[in-house]
Amino acid sequence: GLLDLQLRNSRNGISERQARQAFEAGDSDKTIEVYIARYLENPDDADWTAGFISILEDIKRTGDAAFSKGNFVLAGRAYFSLIKNFKSFEKFGASISFSEKSLAERIKSCRTELNKKALEQYRKENLAEAISIWQSILTFDPDNLETKKAVETATIQLKKIKKLANDPETR
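The model shown is predicted, which means the values in this text are computed figures rather than measured ones. Counting restarts for each chain, with residues numbered from 1 along the sequence as it is written. With the structure being a predicted model, the display of local features is reserved for residues of pLDDT at least 70 and the display and counting of side-chain atom pairs for 80 or more, all residues being used for whole-chain, interface and lining totals. The side-chain figures draw on all heavy atoms in the structure; neither hydrogens nor water molecules are used.

Draft legend 1. Layout of helix H6 (residues 100-123). The first and last C-alpha atoms of H6 sit 34 Å apart over 24 residues, in line with the 34 Å expected at 1.5 Å per residue. Each residue is assigned to one of three classes by its accessible area relative to the maximum for its type, calculated with a 1.4 Å probe on protein chains only: buried under 20%, partly exposed between the two thresholds, exposed over 50%. Segments assigned H or I by DSSP are reported as helices when at least four residues long, segments assigned E as strands when at least two residues long, and all are numbered from the N terminus. Buried within H6 are the following residues: Leu103, Ile107, Cys110, Arg111, Leu114, Asn115, Ala118 and Gln121. Contact definition: two residues touch when any of their heavy atoms are within 4.5 Å. The inward-facing, buried residues of H6 contact helix H3 (46-68), helix H4 (72-84), helix H5 (86-89), helix H7 (127-138) and helix H8 (145-166). Given the number of residues in a helix, its expected span is that number minus one, multiplied by 1.5 Å.

Dropping the structure here:
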């Protein structure tokens, strides 16, 4: 009855505030997590579903804006949050403007652009900067073996250079 409706609206309000705070803090994972939890409790709540779809689109727009500004780390993280949770909202189908495939393509583009920057730094012998860029790729593409190998190789090289620089025999 009325009490159930008031309770549901109150819970939705609390969850909405938590999700918005997470979104504004740039935490797409937490944002989606909050929406999924409430959605699973109330899958027939049309208003909550509409809000869920709206926040997913907001996350995608955030990624797109970052991408267009060349902030491929922020963009990659937004797309990664969406793609890794895609199974939780793929049932929304035509209600969302993006597909799992389009997200994967955007992640690939982010990785490619950052890889170019990392290689450029690596060639200039700025190993620490190259490592930092490659590590940023792993924040949205954590299973990328090629990137992990690049970090490992450059880290070993950097340690050798530092060791040589600190070795009085080589001065």
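Draft legend 2. Representation of the nonpolar core. To form a nonpolar core, buried Ala, Val, Leu, Ile, Met, Phe, Trp, Tyr and Cys residues must be joined to one another through side-chain atoms within 4.5 Å. Counting residues in hydrophobic clusters, the biggest one holds 43 residues, and the most contacted among them are Phe52, Leu56 and Phe89. Mapped by element, the contributors of at least two residues to this core are helix H2 (28-41), H3, H4, H5, H6, H7 and H8. Apart from residues lying up to four places away in sequence, Phe52 is in contact with Tyr35, Ile36, Tyr39, Phe89 and Phe92.

Draft legend 3. A look at the packing of aromatic side chains. Classification of ring pairs uses Phe, Tyr and Trp, with its six-membered ring standing for Trp, and accepts pairs whose centres are within 6.5 Å; under 30 degrees between planes counts as stacked, over 60 as edge-to-face, and the remaining range as tilted. The full count for this structure, using the stated rule, is 11 aromatic pairs. When the centroid spacing of 5.5 Å and the interplanar angle of 20° are considered together, the rings of Tyr35 and Phe52 count as stacked. With Tyr35 in helix H2 and Phe52 in helix H3, this pair connects stretches of sequence that are 17 residues apart. Judged by its relative accessible area of 1%, Tyr35 is buried.

Draft legend 4. Structural context of unusual backbone geometry. Unusually for a residue other than glycine, Glu125 sits at a positive phi of about 65°. Here Glu125 shows up in the loop between H6 and H7. Its relative accessible area of 68% is what places Glu125 among the exposed residues.

Draft legend 5. Quick peek at the pattern of salt bridges. Basic side-chain nitrogens of Lys or Arg form a salt bridge, by our definition, when they fall within 4 Å of a carboxyl oxygen of Asp or Glu. Using the criterion set out here, one finds 16 salt bridges in the structure. Across the salt bridge formed by Arg8 and Asp45, the nearest N and O atoms sit 3.2 Å from each other. Taken as a pair, Arg8 in helix H1 (residues 2-24) and Asp45 in the loop between H2 and H3 lie far apart in primary sequence, 37 residues in all. For Arg8, a relative accessible area of 30% gives the class partly exposed. You can call Asp45 buried: its relative accessible area is 5%. Lys60 is paired through a salt bridge with Asp64; the nearest N and O atoms lie 2.8 Å apart. Of this pair, Lys60 and Asp64 both sit in helix H3, four residues apart, roughly one helical turn. Overall, the relative accessible area of 14% leaves Lys60 in the buried class.

Draft legend 6. Inspection of the packing of H1 against H2 at higher detail. Direction vectors running N to C along H1 and H2 enclose 165°, while the axes themselves pass 8 Å from each other. Between H1 and H2, the angle is such that the two are roughly antiparallel. Pair H1 / H2 crosses with left-handed handedness. Between H1 and H2, the contacting residues are Arg8, Arg11, Asn12, Ser15, Glu16, Gln18, Ala19, Ala22 and Phe23 on the first element and Lys30, Thr31, Val34, Tyr35 and Arg38 on the second. Residues of the contact of H1 with H2, tallied by class, amount to five nonpolar, four polar and five charged. Lines fitted to C-alpha atoms define the axes, with helix axes restricted to the stretch in contact, and inter-axis angles between N-to-C directions lie between 0 and 180 degrees. An angle counts as roughly parallel when it lies under 35 degrees, as roughly antiparallel when it exceeds 145, as roughly perpendicular when it falls between 65 and 115, and as oblique in every other case. Whether a crossing is left-handed or right-handed is set by the direction in which the near helix is turned from the far one by less than a right angle, anticlockwise for left-handed and clockwise for right-handed. Here the nonpolar group is Ala, Val, Leu, Ile, Met, Phe, Trp, Tyr, Cys and Pro; Asp, Glu, Lys and Arg are the charged ones; every other residue, Gly included, is treated as polar.

Draft legend 7. Quick peek at the side chain of Asp141. If you trace the backbone, Asp141 turns up in the loop between H7 and H8. Relative accessible area serves as the criterion here: at 13%, Asp141 is assigned to the buried category. Among the polar contacts made by the side chain of Asp141, one reaches the side chain of Arg111 at a distance of 2.6 Å. At 2.9 Å, the side chain of Asp141 forms a polar contact with the side chain of Asn144. Any pair of N or O atoms that falls within 3.5 Å is considered a polar contact. Within protein, one atom must be able to donate a hydrogen and the other to accept it, and sequence-neighbouring residues count only if both atoms are side-chain atoms.

Draft legend 8. Broad picture of the packing of H7 against H8. Put simply, H7 and H8 touch, their axes get as near as 9 Å, and they point 155° apart. If you check the angle between H7 and H8, you find them roughly antiparallel. The way H7 lies across H8 gives a crossing that is left-handed. In contact with Leu127, Ala128, Ile131, Trp134, Gln135, Ile137 and Leu138 of H7, H8 contributes Thr147, Lys148, Ala150, Val151, Ala154, Thr155, Gln157, Leu158 and Ile161. Of the residues that constitute the contact of H7 with H8, the class distribution is 11 nonpolar, four polar and one charged.

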